[in-house]
Amino acid sequence: MDPTDPANFSSVVFVNDTRTPAVLFECADSRGHGCHDMSGRLGPEQRSEQRVYWGEGLDPWQVRDTRGRIVGWLVVDTPHRESGAVYYLGDAEPRPDKPTTPRTLPHPDRAAGQHLREAVNGTNVA
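First, a word on what this report is: a plain description of the structure on this page. Computed from a prediction, not measured in an experiment: that's the story for all the values here. (Residues numbered from 1 in each chain as written. Predicted model: local features only at pLDDT ≥ 70, side-chain atom pairs only at ≥ 80, totals over all residues. Heavy atoms only, no water.)

Thoughts on the overall build of the protein
Across its full length, the protein holds 1 helix and 8 strands. Going residue by residue from the N terminus, the α and β elements of the protein occur as β-β-β-β-β-β-β-β-α. Within the protein, buried positions represent 41% of all 126 residues. When the accessible surface of the protein is summed, it comes to about 7,200 Å², and 48% of that surface belongs to carbon and sulfur atoms. (Helix = DSSP H or I, 4+ residues; strand = E, 2+ residues; numbered from the N terminus. Buried < 20%, exposed > 50% of the residue type's maximum accessible area, 1.4 Å probe, protein only. Areas by Shrake-Rupley, 256 points an atom, 1.4 Å probe, with all protein chains shown as cover.)

Here it is as structure tokens:
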């Protein structure tokens, strides 16, 4: 897959609904290998827009505190190109066993990211 082609990505939003700052790390696998800081510090009530590959497989994200300790996992599943899915950090699970259900479900990405813009602006968030 070409990482420079926007057609290869789905758009998701992560919301820090906790009372403490956190950092999101996208990982190469559910064992925590190849994790990269994708958000910097995400304060309470802040949002982070991210692009994830769509297709077969799961996309594991670690939620860490600002000291680097793993707080939990959010597992994104985007089998099709879509946008508008909103994941809340408070829904992070202790282990990356199963896909996380977004609180706002995604829509097929036919509107060139319109649903993502609504989610980032808070107009499409449940």
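Quick look at the sheet that holds strand β6 (residues 70-76)
The 4 strands are arranged β3-β2-β5-β6 in an open sheet whose pairing can be described as antiparallel. Each edge of the open sheet is held by one strand with a lone partner, namely β3 (36-42) and β6. Taking each pair of neighbouring strands and ignoring which way they run, the sheet shows an average axis angle of 20 degrees. Here strand β2 (residues 22-26) pairs with β3 via 4 bridges, running antiparallel. Across the sheet, the residue bridging to phenylalanine 25 is aspartate 37, located in β3. (Pairing = 2+ DSSP bridges. Axes fitted to C-alpha atoms, helices over the stretch in contact; angles between N-to-C directions.)

Looking at the pairing of strand β1 (residues 9-15)
Among the 7 residues in β1, 7 count as buried, and that is most of the element. Covered by surrounding structure in β1 are Phe9, Ser11, Val13 and Val15 together with Ser10, Val12 and Phe14, the residues of both alternating faces. Across 7 bridges, β1 lies against strand β4 (residues 47-53) in antiparallel orientation. In the strand pairing of β4, valine 12 is matched with glutamine 50. Bridge count for β1 against strand β7 (residues 82-88) is 5 bridges, and the pairing is parallel. Its bridge partner being in β7, valine 13 is matched across the sheet by valine 86.

Considering the environment of aspartate 77
Relative to the elements of secondary structure, aspartate 77 occurs in the loop between β6 and β7. Here aspartate 77 falls in the partly exposed class, since its relative accessible area comes to 33%. In this structure the C-alpha to C-alpha distance between aspartate 77 and glutamate 56, which are 21 residues apart in sequence, comes to 8.4 Å.

Points about the pairing of β2
Summarising burial for β2: 5 of the 5 residues are buried, a large majority. Bridging between β2 and strand β5 (residues 59-64) involves 4 bridges; their strand directions are antiparallel. Looking at the pairing, glutamate 26 lines up with tryptophan 61 of β5.

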